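Chain by chain, the residues run as shown.
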Amino acid sequence: PTIRQVAAEAGVAMATVSGILNHRPDCYASEATRQRVLATVRKRGYKASPMARALHGKPTGTLGLIVPGIDVPLVMFPVFEMTARQHGYTTFLVCTEDEPDLEDQAIRGLVDRYVDAIAILPAEQGTHTELRRLASEGFPIVTWDGAGRLDFPVDDVSIDQFHGGCLQAQHLLEIGRRRVCVLNMEQTRYVNKLKVAGLEQTLTAAGCAPATRMNLSMPIHTRQHWEIGEFTQIMDFLRAHRGEFDALASISDLLAVVAMRSAIELGIRVPEDLAVIGFNDIALASQVAPS
């Protein structure tokens, strides 16, 4: 049903229907007229078009959320959607598979649908053409972990990843571990490089030998192989390098959990023989044994 049909059935002008539904102060319709229009709206099931509202310069109540992959285990994405919902917004989620072209396509698609604002975890590579354009035009946009790697100004929310790596190393040093292995991916992200840099700087300052590297050959933007691929690679590495390090610093809690399971299956005691530390503090981290 259209606003024209509602107005015709209620016997009023379309401007009156619009004024009543949008609570405009310059709408002087009587209470009887308001009730008749609202009854007609309910009867016909009329709903205002978000795009029509956008064409009149009004908010559409929608937000765009662009992420590398729908199964990337980052807690801020569901929290973003929940918070948006609590404030009356609907979130459109788009995945880029960490591809620059898909990022540009996602932004264009959301803008074409008149979203009020966009939050994005930018692709690791690329020129970020559409993101750069929106930022220059003043479109409401915010990035996650864009600080330090985007060469144009944009509102950003990031944690201090470098300091987080320092904290990992400090904890391991405090419990007496000095031979550390870093668990990362070959196809890593900028934020993970910062974590590792912080950890290594702290270890070096304490006089420790350079950290061993366990870099898994898995795609960074998906968890699709975690049940098989990561487990197998970590098992093989621990078996081949057993006893060469007494601590494992992981770039994420989920990889740390897989590493703990691998070590235990090989008869390596955690934490007696091998201390394991993660990064992110996901809910699962407190449920595994040891936590």
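Here, the structure is the one placed above.
Here the structure is a predicted model, which is why all the values come from computation and not from measurement.

Engineer: What am I meant to see in the environment of Glu124 here?
Structural biologist: Residue position: Glu124 is located in the loop between strand E3 (117-120) and helix H7 (129-137). With sequence-adjacent residues up to four places away left out, Glu124 is seen in contact with Asp98, Arg149, Thr188, Arg189 and Tyr190. From its side chain, Glu124 meets the backbone nitrogen of Tyr190 in a polar contact 2.4 Å long.

Engineer: Looking at this structure, I do not really get the sheet that holds strand E1 (residues 62-67). What am I missing?
Structural biologist: Backbone hydrogen bonds hold the strands of a sheet together, and the pairing may be parallel or antiparallel. Read from one edge to the other, the open sheet built from 5 strands follows the order E2-E1-E3-E4-E5, with strand pairing classed as parallel. The sheet is open, and its two edges are formed by strand E2 (90-95) and strand E5 (155-157), each paired on a single side. On average, adjacent strands in this sheet sit at an angle of 20° to one another, irrespective of strand direction. Here strand E4 (residues 141-144) runs beside E5; their pairing, made up of 3 bridges, is parallel. Bridging across to E5, Val142 finds its partner in Asp155. Across the face of the sheet, helix H5 (residues 76-86) comes into contact with E1, E2, E3 and E4 while running at roughly 180° to E1.

Engineer: What's the story with the pattern of salt bridges in this structure? I'm lost.
Structural biologist: Where charged atoms from two side chains of opposite charge approach closely, those side chains can pair. Enumeration over the complete set of coordinates arrives at 13 salt bridges. Here Arg132 and Asp151 are joined by a salt bridge, their closest N and O atoms 3.1 Å apart. In this pair, Arg132 sits in helix H7 while Asp151 sits in the loop between E4 and E5, placing the two residues 19 residues apart along the sequence. Asp151 gets classed as exposed once you look at its relative accessible area, which sits at 62%. One connected set of salt bridges, linked through shared partners, spans Arg108, Glu130, Arg133 and Glu137.

What counts and how
Residues numbered from 1 in each chain as written. Predicted model: local features only at pLDDT ≥ 70, side-chain atom pairs only at ≥ 80, totals over all residues. Heavy atoms only, no water. Helix = DSSP H or I, 4+ residues; strand = E, 2+ residues; numbered from the N terminus. Contact = heavy atoms within 4.5 Å. Polar contact = N/O pair within 3.5 Å; in protein donor to acceptor, adjacent residues only side chain to side chain. Pairing = 2+ DSSP bridges. Axes fitted to C-alpha atoms, helices over the stretch in contact; angles between N-to-C directions. Salt bridge = Lys/Arg side-chain N within 4 Å of Asp/Glu carboxyl O. Buried < 20%, exposed > 50% of the residue type's maximum accessible area, 1.4 Å probe, protein only.

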